[in-house]
Amino acid sequence: MSRSKTARALLAAIFLSAGTATASAEVKLNLVYPFPDFLIYTKQCKQLAADITAATKGKLAINVLPFNSIKMFQQPPAVRKGRVDLYCGPYAFFARAVPENEAVATSPSNPAVVRANGGIAMLDEIQQKYFGVKNLGWTSAGGRFRIYMQDAPKFDDKGMLNLDGVKLRDNPIYGAFFRAMNATTHPLPATQVYSALEKGVVNAAAWATIGLKGLKWDKFLRHAVEPEFYHTDIGWFINLKTWNSLDAALRKQVQDMVLANETAVREVLLEESKKERALLAKEGMTFHTVPAAAVYSKLAVDSAYARMLDRLKKANRPTEHVAKLRELWQQQ
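What counts, and at which threshold
- Residues numbered from 1 in each chain as written.
- Predicted model: local features only at pLDDT ≥ 70, side-chain atom pairs only at ≥ 80, totals over all residues.
- Heavy atoms only, no water.
- Helix = DSSP H or I, 4+ residues; strand = E, 2+ residues; numbered from the N terminus.
- Rg over C-alpha atoms; globule rule 2.2 N^0.38 Å.
- Contact = heavy atoms within 4.5 Å.
- Lys, Arg positive; Asp, Glu negative; His and termini not counted.
- Charge placed at Lys NZ, Arg CZ, Asp CG, Glu CD.
- Expected span 1.5 Å × (residues − 1).
- Polar contact = N/O pair within 3.5 Å; in protein donor to acceptor, adjacent residues only side chain to side chain.
- Pairing = 2+ DSSP bridges.
- Axes fitted to C-alpha atoms, helices over the stretch in contact; angles between N-to-C directions.
- 1 Å grid on protein atoms, 1.4 Å probe; cavity = no way out; pocket = protein on both sides within 12 Å on 5 of 7 lines; lining within 4 Å.
- Points joined across faces, edges and corners; volume = space filled by probe spheres on them.
- Nonpolar A, V, L, I, M, F, W, Y, C, P; charged D, E, K, R; others polar.
- Disulfide = S-S within 2.5 Å.
- Buried < 20%, exposed > 50% of the residue type's maximum accessible area, 1.4 Å probe, protein only.

Colleague: What should I look at first to understand the overall build of the protein in this one?
Modeller: Looking only at helices and strands, one finds 13 helices and 13 strands in the protein. Rg of the C-alpha trace for the protein: 20 Å, near the compact-globule value of 20 Å for 332 residues, within the 12% margin. Taking as baseline every contact in the protein between residues at least 6 positions apart, the subset at least 24 positions apart corresponds to 80%. Each charge sign in the protein was given a centre, from 44 positive and 30 negative side chains, and these centres are 3 Å apart.

Colleague: How should I be thinking about helix α11 (residues 248-282) in this particular structure?
Modeller: Because an α-helix completes one turn every 3.6 residues, residues spaced three or four positions apart along the sequence face the same direction. With 35 residues, α11 extends 51 Å between its outermost C-alpha atoms, agreeing within 8% with the 51 Å of an ideal straight helix rising 1.5 Å per residue. Its side-chain oxygen at 3.0 Å from the backbone nitrogen of Ala 249, Asp 247 defines the N-terminal cap of α11. Gly 284 sits one or two residues past α11 and shows a positive phi near 105 degrees.

Colleague: Teacher, can you tell me more about the sheet that holds strand β1 (residues 27-32) here?
Modeller: Whenever strands of a sheet pair, they do so through backbone hydrogen bonds, lying parallel or antiparallel. Reading across the sheet, the five strands line up as β2-β1-β3-β12-β4 and stay open at both edges, with mixed pairing between neighbours. If you trace the sheet from one side to the other, it starts and ends with β2 (60-64) and β4 (133-138), each paired once. Across this sheet, the average inter-strand angle for adjacent strands is 25 degrees, counted without regard to direction. The sheet contact formed by β1 and β2 spans five bridges and is parallel. Residue pairing across strands places Leu 31 opposite Val 64, the latter belonging to β2. The sheet strands contacting helix α6 (residues 119-131) are β4 and β12 (234-239), and the helix crosses β4 at an angle near 150 degrees. Sitting on the sheet, α11 touches β2 and β4, and the angle it makes with β4 is about 35 degrees.

Colleague: Quick question: what am I supposed to make of the sheet that holds strand β9 (residues 184-187) here?
Modeller: Spatially, β9-β8-β10-β5-β11-β13 is the arrangement adopted by the six strands of the open sheet, whose pairing is mixed. The open sheet has two edge strands with one neighbour each: β9 and β13 (286-289). Taken over all neighbouring pairs, the strand axes of this sheet differ in orientation by 35 degrees on average, direction set aside. Alignment of strand β11 (residues 223-229) against β13, held across four bridges, turns out to be parallel. The residue bridging Val 225 from the neighbouring strand is His 288, located in β13. Against the sheet, helix α12 (residues 293-314) engages β5 (145-149) and β11, with an angle of about 70 degrees to β11.

Colleague: Explain empty space enclosed by the protein here, please?
Modeller: Empty space among the atoms can be located by rolling a probe the size of a water molecule over them. Evaluation of the coordinates by the stated rule reveals two cavities of 30 Å³ or more. Its boundaries defined by the atoms lining it, the largest cavity holds a volume of some 110 Å³. Around the largest cavity, the lining comprises 13 residues; the ones closest to its centre are Phe 35, Phe 145, Ile 173, Trp 207 and Ala 208. Grouping the constituent residues of the lining of the largest cavity by class yields nine nonpolar, two polar and two charged. In this structure, the second largest cavity spans a volume of roughly 40 Å³. In terms of lining residues, the second largest cavity is bounded by Leu 29, Ile 52, Leu 60, Ile 62, Leu 86, Leu 136, Trp 236, Ile 238, Leu 246 and Val 254. Elements with a contribution of two residues or more to the lining of the second largest cavity: β2 and β12.

Colleague: Looking at this model, I keep getting lost on the state of the cysteines. Mind explaining?
Modeller: Formally, a disulfide is one covalent bond, and it connects the sulfur atom of one cysteine to the sulfur atom of another. Going through the model one piece at a time under the given rule, you end up with one disulfide. Paired through a disulfide, Cys 45 and Cys 88 show a sulfur-sulfur distance of 1.9 Å. One disulfide, between Cys 45 and Cys 88, carries an S-S torsion of -70 degrees and so falls in the left-handed class. In this pair, Cys 45 is assigned in helix α2 (residues 40-55) and Cys 88 in strand β3 (residues 86-90), connecting sequence segments 43 residues apart. Residues Cys 45 and Cys 88 agree in their burial class; the two are buried.

Colleague: Help me out: how do you make sense of α2 in this one?
Modeller: With 16 residues, α2 extends 22 Å from end C-alpha to end C-alpha; this agrees with the ideal 22 Å at 1.5 Å per step. Burial runs high along α2: 12 of the 16 residues are buried. Along α2, the positions that sit buried rather than exposed are Ile 40, Tyr 41, Thr 42, Gln 44, Cys 45, Leu 48, Ala 49, Asp 51, Ile 52, Thr 53, Ala 54 and Ala 55. Immediately downstream of α2, the backbone of Lys 57 shows phi near 50 degrees, a positive value.

Colleague: I would appreciate a short explanation of the side chain of Gln 255 in the present structure.
Modeller: Considering the arrangement of structural elements, one finds Gln 255 in helix α11. Classification of Gln 255 by relative accessible area gives buried; the value is 14%. At a separation of 2.7 Å, a polar atom in the side chain of Gln 255 contacts the main-chain carbonyl oxygen of Leu 136. Excluding its chain neighbours within four sequence positions, the residues that come into contact with Gln 255 are Arg 115, Lys 134, Leu 136 and Trp 243.

This is the structure in structure tokens:
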């Protein structure tokens, strides 16, 4: 049996033994998510919500709100303010308010390691203090990112990616990295990228190692740049007041299920990433390796931490903890 099948079987055993929730749950919570319904990340968000609802046997029901009921970058503030209870989405989408969130996407590690060494607990404490949310877990680790381009990439005389003339779609996860490479960027939500590619507004975009085909961006983007960088940083977050209002047994049950999900989903995403790369290559995608791969990879991490420090200083927040945070989240 493959690792992903084993993980899915383990997760199923936990969830399916739980039974079915009743319609008259004692506690009802609303959840929002940022990506289209056909993407694997959204499917995983919804599945965990359904599994938690089933497992709590009428004590708690999670209602998943429709896609775009709240715009993607407005979702974390909505949870912070208590307009909704739960957010399943990238840490990066509220990194302006919690700059330390950069530690997640830039991590080469995995949830088990950063739980054991205290990295998740350290970040959770910061998020509770400065954003009013409880960090339940890093639930979609395992995917990574590439830059995909319409035309073959160019490299400078030092072996680094040359982005002159490239119109690159940006988003909060990797914007600092792109700017460090002097890229011309266009911030766009994922739902607008296909049209932007079609019209020539952008001719390159970064995306995770899973989902490019589902988005159909591969119709325009036929070249991929490696090495891969960062990790998918989707997590589960709940309004802190809501979390504290739940009884201790229910909090433990929810937290335990998120922990099981972290491990199982990572295995699935690792395997799906391999499958999608093989399919893209089979269908004619050309993969190019940056000659100065180590410099490229280091810049990806350094630029994000530089942005973190800059944001903390502008917010008049201390920075002494950043070195420890980086140490914990960079452990493999």
